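Structural characterization, general
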Amino acid sequence: MAPAISGNQRVWSRREVEGLIADGRKIIILRDQVLKVDAWLPYHPGGDKSILHMIGRDATDEITALHSREAQALMQRYVIGRIQGRWENFLPPIQGGTFRPLACKSTEDEGLPDDEDASSSGRSTPTSVFDARGEVRRRAGNDTPLSQVSSGSSSPERGQFKSKEACVAHAISSDLSKYPSLDLSSQDRVIAKYRQLDEDLQAAGLYKCPYSAYAVEFTRYLTLYALFLTCLHYHYYALSGLFLGLLWHLLAFVVHDAGHLSITHGFHTDSCIGIFVADFLGGLSVGWWKRNHNVHHITTNSPEHDPDIQHMPFFAISSRFFSSLHSTYYNRQMKLDAAARVFIKYQHYLYYPILLFGRFNLYRLAWSYLLDPAQAPRKGTAWWHRYLEMAGQVVFWYWYGYRTVYLSIPTWPSRVAFLLISHMVTAPLHVQLTLSHFAMSSTNLGTHESFAQKMVRTTMDVDCPPWLDFVHGGLNYQVVHHLFPRLPRHNLRRAQPFVKAFCDDVGIPYVIFTFTRGNQEVISRLGEVADQLKVLEECRKVAAKDLIEGRHSH
């Protein structure tokens, strides 16, 4: 009789893992370990969505990038066994993947080996994201505009539309022509080089936070705070609002640092720093940001899954949004309704005016998160963070809404001016947040693409002199940041040469533009998508007219 195999030593086949997922189990692969994380979902401080996008996948690089070694050690309690050999990813259920129950093998699967799943046999393929013109116009290098690069045939003339399938094929082909092959050996090489790069950054001490840099930052904060209070005292309300808005702009980068645990690297310490700055001083929610941002880092630039590019009805960065696709993050249809048609047709003109009001939308998102118990962690060590954030909201609206706007400013015109100026001056932050992704690829290259390749493909850096880094808050190094989210922002410039060398070594284009050029690329992308919508509507009008006239001819 064979000896019993302990739970965490059992070897699971691919077919058995598929059966577990079909039964509703939340299974992810970490290195060669099989983790069943069902029990962890309500405890995860970053929300359940980011975990759901990893079901059935080798999540080693995503977990390593976003979690400390201490957090990874805690995951060992969920190990139920291991795998042998290289793991080939499933398409997660949240993204449309289908799975066969282990006890049920249909006649359609006859002849397939037990470790082969339906998706690998061609019956379950990921929904490709197409971009009829924007994705065709990928860049060949850092100095070639998107609008001057095409792969294969030229873009269609106005009034001529390819089928959706042709657009998908062309967009994917364009991306594949500039990046390493998606075959397993090529992607394994990218993965190995990326993991070596992580070790090199650790050896160079770049994960250590340079606290002296925060001393300089703190001096800036105190200066802006003093200017805000001084101008408020002497009734220069517009200037006071300006300095407060600039202070909020800089403090947002501290929240970003704390959310990634890159300040002290301690979960509760950095979380409390983030809550104090975001909620008490800014009226925003770091808990909402974590839930949103973790998904963004895993599903970067995916129209169906990345909340950071889901801005319907105001913006669409891909013609894929024309199909009123379903957002897996918000769990609703992003409809191309009458309002969306108006906004998107003119989105390249409305981009900056709309972003002037971006902070108001963050208030809405913060309260939608805090008032919905299902979104915030309800169990575990982070259960009390939501209540601390609520207290922070009360304090913020007391000192800002009541003490500052209402009591310190005597007239309603001055109050409105102060309110608008203090909020609108933060618009460059919202430009920065969208700049590094809006002009980049939104094509889905399937389950074989490595984490590192996808991050570089969907993200660009912004070039600026070192003395301006504090204005961008590290967000100008988005390629470096997406590859290594826990890297302290004051070390990102030092890490950039390492990342460039990695990209040159594996053959992945590294995209970096100046701030002005990056804005031009974003406006160009928005304009292209706006033109696509106009052409699409013209085609529909012509088709409707032909149909009516055809009926009359009978």
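In case you missed it, the structure is sitting above this.
Criteria and cut-off values
Residues numbered from 1 in each chain as written. Predicted model: local features only at pLDDT ≥ 70, side-chain atom pairs only at ≥ 80, totals over all residues. Heavy atoms only, no water. Patch = residues over 30% accessible without salt bridge, like charges linked within 9 Å, V, L, I, M, F, W, Y side chains within 5 Å. Areas by Shrake-Rupley, 256 points an atom, 1.4 Å probe, with all protein chains shown as cover. Salt bridge = Lys/Arg side-chain N within 4 Å of Asp/Glu carboxyl O. Helix = DSSP H or I, 4+ residues; strand = E, 2+ residues; numbered from the N terminus. Buried < 20%, exposed > 50% of the residue type's maximum accessible area, 1.4 Å probe, protein only. Pairing = 2+ DSSP bridges. Axes fitted to C-alpha atoms, helices over the stretch in contact; angles between N-to-C directions. Phe/Tyr/Trp six-rings, centres within 6.5 Å; stacked < 30°, edge-to-face > 60°. Lys NZ or Arg CZ within 6 Å of the ring centre and 35° of its normal. Parallel < 35°, antiparallel > 145°, perpendicular 65-115°, else oblique. Left-handed = near helix turned anticlockwise from the far one by under 90°. Contact = heavy atoms within 4.5 Å. Expected span 1.5 Å × (residues − 1). Arc of directions from axis to C-beta. Nonpolar A, V, L, I, M, F, W, Y, C, P; charged D, E, K, R; others polar. Core = buried A, V, L, I, M, F, W, Y, C linked by side-chain atoms within 4.5 Å.

The subject of this paragraph is a nonpolar patch on the surface. On the surface, a nonpolar cluster with roughly 870 Å² of combined accessible area is contributed by Leu356, Phe357, Tyr398, Tyr402, Tyr406, Leu407, Trp412, Val416 and Leu420. Contributions of two or more residues to the nonpolar patch are made by helix 14 (385-407) and helix 15 (412-424). At four residues, helix 14 tops the list of elements feeding residues into the nonpolar patch. Position of Phe357 relative to the elements: it lies in the loop between helix 12 (347-355) and helix 13 (358-370). The exposure class of Phe357 is partly exposed, given its relative accessible area of 42%.

Moving on, we get to the pattern of salt bridges. Counted under the stated rule, the structure contains 17 salt bridges. One salt bridge in this structure joins Arg15 and Glu18, with 3.4 Å as the shortest N-O distance. Of the two residues, Arg15 and Glu18 are both situated in helix 1 (residues 14-22); the distance of three residues between them amounts to about one turn of the helix. The pair Arg15 / Glu18 is uniform in exposure class, with both members buried. Linking Arg457 and Glu449 is a salt bridge whose minimum nitrogen-to-oxygen distance equals 2.8 Å. For the pair formed by Arg457 and Glu449, the shared burial category is buried. Taken together, the shared-partner salt bridges in this structure form one network comprising Glu217, Arg220, Asp257 and Arg489.

Let us now look at unusual backbone geometry. Cis rather than trans, the peptide bond between Met312 and Pro313 has omega equal to 10°. Note that Pro313 resides in the loop between helix 10 (286-298) and strand 4 (326-327). One non-glycine residue, Ser324, lies in the positive phi region at around 50°. Tracing the sequence through the fold places Ser324 in the loop between helix 10 and strand 4.

Another aspect to go through is the pairing of strand 2 (residues 33-36). Judged from the four bridges that link them, strand 1 (residues 27-30) and strand 2 form a sheet pairing that is antiparallel. Across the sheet, residue Ile29 finds its bridge partner in strand 2, namely Val34. Hairpin connection from strand 1 to strand 2: two residues lie between these consecutive antiparallel strands, with Arg31 at a positive phi of about 55°. Pairing of strand 2 with strand 3 (residues 79-82) involves three bridges; the strand directions are antiparallel. Bridge pairing links Gln33 to Arg82 in strand 3.

The next subject is the sheet that holds strand 1. Here we have three strands laid out as an open sheet, ordered 1-2-3, and antiparallel in their pairing. The open sheet is flanked by strand 1 and strand 3, the only strands paired with a single partner. Each strand axis lies, on average, 30° off the axis of its neighbour in the sheet, ignoring direction.

Taken as a whole, this structure holds 31 aromatic pairs when the rule is applied. A ring pair is formed by Phe396 and Tyr400, whose centres lie 5.3 Å apart and whose planes are at 15°; its orientation type is stacked. One end of the pair is Phe396 and the other is Tyr400, both in helix 14 and four residues apart, which spans about a single turn. For the pair Phe396 and Tyr400, one class covers both residues: buried. Between Trp399 and Tyr400, the aromatic rings sit 5.8 Å apart at their centres with planes inclined by 75°, giving edge-to-face as the arrangement. Taking the relative accessible area as the measure of exposure, Tyr400 reaches 1% and is therefore buried. Here the aromatic cluster, defined as three or more aromatic residues joined through ring pairs, consists of Tyr225, Phe228, Trp248, Phe357, Phe360, Tyr363, Phe396, Trp397, Trp399, Tyr400 and Phe418. Taking the ring centre of Phe470 as reference, the NZ or CZ of Arg220 above it sits at 3.9 Å.

At a minimum axis distance of 7 Å, the contact between helix 8 (residues 237-259) and helix 15 shows a crossing angle of 30°. In terms of orientation, helix 8 and helix 15 fall into the roughly parallel class. Along this stretch, helix 8 crosses helix 15, giving a crossing that reads as right-handed. Of the residues in helix 15, those touching helix 8 at Tyr237, Ala238, Ser240, Gly241, Leu242, Leu244, Gly245 and Trp248 are Ser414, Phe418, Ile421, Ser422 and His423.

So, on to the side chain of Asp257. Within the element layout of this structure, Asp257 appears in helix 8. With sequence-adjacent residues up to four places away left out, Asp257 is seen in contact with Tyr214, Ser262, Ile263 and Arg489.

This part covers helix 15. Given 3.6 residues per turn, any residue in an α-helix points the same way as the ones three and four places further on. In this model, helix 15 (13 residues) spans 18 Å end to end at C-alpha, consistent with the 18 Å of a helix rising 1.5 Å per residue. Buried within helix 15 are the following residues: Arg415, Phe418, Ser422 and His423. For helix 15, the angular spread of the buried residues around the axis is 115°, confining them to a single face. Lining the buried residues of helix 15 we find helix 7 (211-233), helix 8, helix 13, helix 14 and helix 16 (427-438).

Turning our eyes to something else, we now look at the packing of helix 14 against helix 15. The relative placement of two packed helices comes down to the angle between their axes together with the axis-to-axis distance. Following both chains from N to C, one finds helix 14 and helix 15 inclined at 135°, their axes separated by 9 Å at the closest point. Taken together, the axes of helix 14 and helix 15 lie oblique to each other. Here helix 14 runs over helix 15; the crossing is right-handed. Between helix 14 and helix 15, the residues in contact are Tyr400, Thr404, Val405 and Tyr406 and Arg415, Phe418, Leu419, Ser422 and His423, respectively. When the residues that make up the contact of helix 14 with helix 15 are grouped by side-chain class, the tally is five nonpolar, three polar and one charged.

One finds Leu244, Trp288, Tyr400 and Phe418 to be the most contacted residues of the largest nonpolar core, which totals 42 residues. The set of elements that each furnish at least two residues to this core consists of helix 7, helix 8, helix 9 (267-281), helix 10, helix 13 and helix 14. Here this core gets eleven residues from one element, more than from any other, and that element is helix 8. Counting 29 residues, the second-largest nonpolar core is a separate cluster that includes Ile317, Ile344, Val431 and Leu526.

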